[in-house]
Amino acid sequence: MPVRLENYRTIRSFLEENKVTLVAVSKTKPVEDILELYNLGQRDFGENYVQELVAKQKHLPQDIRWHFIGHLQSNKVKLIAPFVYLIQSVDSKKLLKEISKEATKNEKIINCLLQVHIAKEETKFGLDENELNELVVDGAGEMALKNIYIKGLMGMASFTDDELVVRKEFNFLRSLFDKYSLKHSAYYDFQTLSMGMSADYRMAIEEGSNTVRIGSLLFGERNYANS
């Protein structure tokens, strides 16, 4: 399925007006599709799978800002650490420590978002409110993390047609973001709130999102047979 260029132009214009960052989610899509949007000025792209991201990164322009948005296993951090721009899906202290270790090895700062579990589905990953507080506030000193910078929060709403449920989940994440935006340390300063995808990005922006992750509206449905 070809890239939906009209959708891209319309969405990008709307997001620029609202000062919202567009992450074009390119998982399962070929390099040629990514280049098509790149040539129109898109620089932020999101991938869910480590192997797929590593394979694509080698064949694409080096100024692309790669966002990793899928569930990340600790033993695979080393594969994306040399080039990743932002890891949006940090969901445990263990993972954060591994990112810190690999960032130090690569002599770079790796930016991260903490993923919060806000949806009803148990299959989605993320920290609960207590784990988040422990990680950000209580654990700040004891972990002595180096070479990472936590820039905010990410969350995925429930897959439902009930707008009230989705808004409630987005609102909850926004409240946590606002709470921690008032706090600063050597390794975190909350600036990015990543919530909203193809089906609910406008709602997410209304609830305070400043980064959205959009795939199918730009690239069409995913082709898992080729992933």
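Note that the structure is predicted; figures quoted are calculated from it, not measured.

K.L.:
If you had to explain the overall build of the protein chain to someone new, which residues and values would you point to?
P.N.:
The helix and strand inventory of the protein chain stands at 10 helices and 8 strands. A globule of 227 residues ought to have a C-alpha radius of gyration of about 17 Å, and the protein chain, at 17 Å, matches this closely. The principal-axis extent of the C-alpha atoms belonging to the protein chain is close to 50 × 45 × 30 Å. Expressed as a percentage of contacts within the protein chain between residues at least 6 apart in sequence, the contacts between residues at least 24 apart total 62%. Accessible surface for the protein chain amounts to roughly 10900 Å². Of this, 49% is attributable to carbon and sulfur atoms. Across the protein chain, 30 positive and 32 negative side-chain charges occur, with their mean positions spaced 4 Å apart.

K.L.:
Could you give an account of the pairing of strand β8 (residues 211–214), with specific residues and numbers?
P.N.:
Covered by surrounding structure in β8 are Thr211 and Arg213 together with Val212 and Ile214, the residues of both alternating faces. Bridging between strand β1 (residues 21–25) and β8 involves 4 bridges; their strand directions are parallel. For valine 23, the partnering residue across the bridge sits in β8 and is arginine 213.

K.L.:
Just give me the short version of helix α2 (residues 31–38), but keep the residues and values in it.
P.N.:
Those residues of α2 that fall on the buried side of the exposure criterion are Val31, Asp33, Ile34, Leu37 and Tyr38. Projection of α2 onto a plane perpendicular to its axis shows the buried side chains occupying an angular sector of 160 degrees, all on one side. For α2, the secondary structure elements touched by its buried residues are α1 (5–17), β1, β2 (44–47), α3 (50–57), β3 (65–68) and α10 (216–219).

Rules of the game
- Residues numbered from 1 in each chain as written.
- Predicted model: local features only at pLDDT ≥ 70, side-chain atom pairs only at ≥ 80, totals over all residues.
- Heavy atoms only, no water.
- Helix = DSSP H or I, 4+ residues; strand = E, 2+ residues; numbered from the N terminus.
- Rg over C-alpha atoms; globule rule 2.2 N^0.38 Å.
- Contact = heavy atoms within 4.5 Å.
- Areas by Shrake-Rupley, 256 points an atom, 1.4 Å probe, with all protein chains shown as cover.
- Lys, Arg positive; Asp, Glu negative; His and termini not counted.
- Charge placed at Lys NZ, Arg CZ, Asp CG, Glu CD.
- Buried < 20%, exposed > 50% of the residue type's maximum accessible area, 1.4 Å probe, protein only.
- Pairing = 2+ DSSP bridges.
- Arc of directions from axis to C-beta.

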